[in-house]
Amino acid sequence: MITLKQLHYALAVEKTLHFKKAADACNVSQSALSTAINELEKQLGLSVFERNNKKVLVTSKGQLILDKAKRVKLEVDQLMQTSQLDKTAFSTPMSIGVIPTIGPYLLPKVLPEVRKQYPDFKLRIHEDQSHVLVDMVRNGELDAAILALPYPIDGLMNFDFWQEDFYWVSHKDGCPSQLQEITTEELAVEKLMLLKDGHCLKEHALAACSLKSQEQNTDFNAASLYTLIQMVAGKLGTTIVPHMALDQLLHNESELRAVHLNEPGPHRTIALIIRPNYVRTGELTLLKDIFKTELSKNVVHA
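First things first, this report covers the structure right here in the doc. (Residues numbered from 1 in each chain as written. Predicted model: local features only at pLDDT ≥ 70, side-chain atom pairs only at ≥ 80, totals over all residues. Heavy atoms only, no water.)

Notes on the nonpolar core
Soluble, globular proteins show a tendency: their nonpolar side chains are buried together. If you look at the biggest cluster of nonpolar residues, it comprises 77 residues, and the most contacted ones within it are I102, I146, F161, V169, L272, L284 and L287. In this structure V169 touches I229, V232, T238, T239, V241, L246, L250, L256, R257 and A258, once residues within four positions along its chain are discounted. By size, the runner-up hydrophobic cluster in this structure holds 19 residues, among which are A22, A23, V48 and F49. (Core = buried A, V, L, I, M, F, W, Y, C linked by side-chain atoms within 4.5 Å. Buried < 20%, exposed > 50% of the residue type's maximum accessible area, 1.4 Å probe, protein only. Contact = heavy atoms within 4.5 Å.)

In structure tokens form, the structure reads like this:
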């Protein structure tokens, strides 16, 4: 009979495409993992993987098996979570993904209160880009993820908990001291520096400014807001920053000024995304409420 352990091992190999790495991830010997997968393939009567000394590939029929295995694993995980529903909130671990343009600015503001209210709660944080987190939530690798919307999350649900606008950040030498609001038409677009492709903040900033990607400064390819701020401090250009991040990014940058982007908003919505049949929605609602309350207290005005 096919076992859950065999499916678990097979999914690990699919993820790593490497038997040794998969065995390490599963905390078993490579021989034990190989034996289990060989037995799985024998029971199925087909090869799930094509392997040689150099690489591992998933066969076409094997991919169909693995796709079904993911659904089986998800149902088993939900079965276990359902058994915990009548226990104390957050008595079991939870894994939540977060994107890089939210995590460093949201988590320090909200996690102290989460820890205060639920000191025994084991929360695992996984930081990655939006498309990776969406797939991980769909596949059951994460309980939920924190994203900036709009973003395509077909088949998933979202719990919105924060909306915010963007701010234009410039060196004070290029920004009149009396300026409090700025529109896209007033920006020197050729000096505007944004994150590299793949970060949804870039797409949201372009949308808020009604710009196309090629219209902004493409001489720089920054992967973090902190790097962009250092570029602005060096008078290399200007950038766009979400309200949530202003206090941390500008804390030690007295030479910089932040001016509200006067374009129709909110410019982005922050939300928890989950699977429609996720069984711990009550606990995520508690988290969402804590996040909203703490952000309301801790997000400073520019």
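That was the structure; now back to the text.
What about helix α1 (residues 4-16)?
In this model, α1 (13 residues) spans 19 Å end to end at C-alpha, consistent with the 18 Å of a helix rising 1.5 Å per residue. Among the residues of α1, those classed as buried are Q6, L7, Y9, A10, L11, A12, V13 and E14. Phi turns positive one or two residues past the end of α1, at L17, with a value near 50°. (Helix = DSSP H or I, 4+ residues; strand = E, 2+ residues; numbered from the N terminus. Expected span 1.5 Å × (residues − 1).)

Examining helix α3 (residues 30-44)
Taking 1.5 Å of rise per residue, 15 residues should cover 21 Å, and α3 covers 21 Å from first to last C-alpha, within 8% of that figure. Here α3 has its buried residues at L33, S34, A36, I37, L40 and E41. All buried residues of α3 project into a common sector of 160° when viewed along the axis, lining one side. With respect to the buried face of α3, the exposed residues turned more than 90 degrees away are T35 and K42. Residues of α3 that are buried sit in contact with α1, α2 (19-26) and β1 (49-51). (Arc of directions from axis to C-beta.)

Focus on the environment of A12
In this fold, A12 is placed in helix α1. In sequence terms A12 and A25 are 13 residues apart; their C-alpha atoms lie 7.3 Å from each other. If we skip the residues at most four places from it in the chain, A12 touches A22 and C26.

Section: empty space enclosed by the protein
Evaluated as defined, the whole model comprises two cavities of 30 Å³ or more. By volume, the largest cavity is sized at about 40 Å³. Lining the largest cavity, in full, are M193, L194, L195, L201, K202, A205, L225, L228, T239 and I240. For the lining of the largest cavity, the secondary-structure elements that each account for two or more residues are β9 (192-195), α7 (200-209), α8 (225-233) and β11 (238-242). In terms of residue class, the lining of the largest cavity is built from eight nonpolar, one polar and one charged. One number sums up the size of the second largest cavity: a volume of about 30 Å³. (1 Å grid on protein atoms, 1.4 Å probe; cavity = no way out; pocket = protein on both sides within 12 Å on 5 of 7 lines; lining within 4 Å. Points joined across faces, edges and corners; volume = space filled by probe spheres on them. Nonpolar A, V, L, I, M, F, W, Y, C, P; charged D, E, K, R; others polar.)

Quick look at the layout of surface pockets
Of the pockets and cavities examined, the largest pocket occupies roughly 840 Å³. Around the largest pocket sit 27 residues that line it, and K73, D77, G140, E141 and L142 are the ones nearest its centre. Split by residue class, the lining of the largest pocket holds nine nonpolar, eight polar and ten charged. In this structure, the second largest pocket spans a volume of roughly 230 Å³. Lining the second largest pocket we find 15 residues, and of these S170, G174, K191, G237 and T238 sit closest to its centre. The dominant element in the lining of the second largest pocket, judged by the number of residues it contributes, is strand β7 (residues 166-171), at three residues.

A look at the side chain of E14
Relative to the elements of secondary structure, E14 occurs in helix α1. Of the polar contacts made by the side chain of E14, one reaches the side chain of K70; its length is 3.3 Å. When neighbours within four sequence positions are excluded, E14 is seen to be in contact with F49, V58, Q63, L66 and K70. (Polar contact = N/O pair within 3.5 Å; in protein donor to acceptor, adjacent residues only side chain to side chain.)

Concerning the pairing of strand β13 (residues 268-274)
Where burial is concerned, most of β13 is hidden: seven out of the seven residues are buried. Alternating positions in β13 separate into two faces, R268, I270, L272 and I274 on one and T269, A271 and I273 on the other, with burial throughout. In this sheet, β13 lies alongside strand β5 (residues 144-149) in antiparallel orientation, the contact comprising five bridges. Bridged to L149 within β13 is T269. Pairing of strand β6 (residues 157-164) with β13, which is carried by seven bridges, proceeds in the antiparallel orientation. Across the sheet, Q163 pairs through a bridge with T269, a residue of β13. (Pairing = 2+ DSSP bridges.)

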